[in-house]
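Structure at a glance
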Amino acid sequence: SEAGNVALTYVATGGVYGAGGNAPDLPVHAPQAAAFRAAFDGKGRFSDLLSKVPVAVVTTGDLGLLGA
């Protein structure tokens, strides 16, 4: 649900990417992914906007080194 709030705050229409220490805990397989998406999209009148925002989980272990 908070990821949806952040997406709305920053109007993140390009996507929301989960990375870092909490990335392995993010639900990427059904049925947890469906529950995550329902909470992400469940923002009343903004649900249509959020349903179009892609969500991805970055699982690369050396992401910080790749960015440097």
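Residues numbered from 1 in each chain as written. Predicted model: local features only at pLDDT ≥ 70, side-chain atom pairs only at ≥ 80, totals over all residues. Heavy atoms only, no water.

**Quick notes on the environment of Glu2**
For the record, the criterion: Helix and strand definitions follow DSSP, with helices as H or I runs of at least four residues and strands as E runs of at least two, each counted in order from the N terminus. Only protein chains enter the accessibility calculation, which uses a 1.4 Å probe; a residue is then buried when its area is under 20% of its type maximum, exposed when over 50%, and partly exposed in between.
In this fold, Glu2 is placed in helix α1 (residues 2-9). Residue classification places Glu2 among the exposed positions, given a relative accessible area of 54%. Placed 63 residues apart in sequence, Glu2 and Leu65 show a C-alpha to C-alpha distance of 28 Å.

**Regarding unusual backbone geometry**
Located in the positive-phi region is Val11, a residue other than glycine, with phi close to 45°. Along the chain, the position of Val11 falls in the loop between α1 and β1 (16-18).

**Examining the confidence of the model for the chain**
One rule of thumb: low pLDDT means the predicted coordinates there are not for detailed reading. Condition: Confidence of the prediction at every residue is given by pLDDT, a number between 0 and 100.
On average, the chain scores 88 in pLDDT, and the residues at 70 or more come to 100%. When pLDDT is averaged over each element of the chain, helix α3 (residues 47-51) comes out on top at 95 and helix α4 (residues 63-67) at the bottom at 80.

**Details of the nonpolar core**
Spelled out, the test is: Only buried residues count toward a nonpolar core, which is a set of Ala, Val, Leu, Ile, Met, Phe, Trp, Tyr and Cys residues joined through side-chain atoms within 4.5 Å. In this analysis, two residues are considered to be in contact whenever any of their non-hydrogen atoms come within 4.5 Å of each other.
The biggest cluster of nonpolar side chains holds 6 residues, and these are Ala7, Ala12, Val16, Phe40, Leu50 and Val53. The contact partners of Val53, leaving out residues within four places of it in the chain, are Ala12, Thr13, Gly15, Val16, Arg37 and Phe40.

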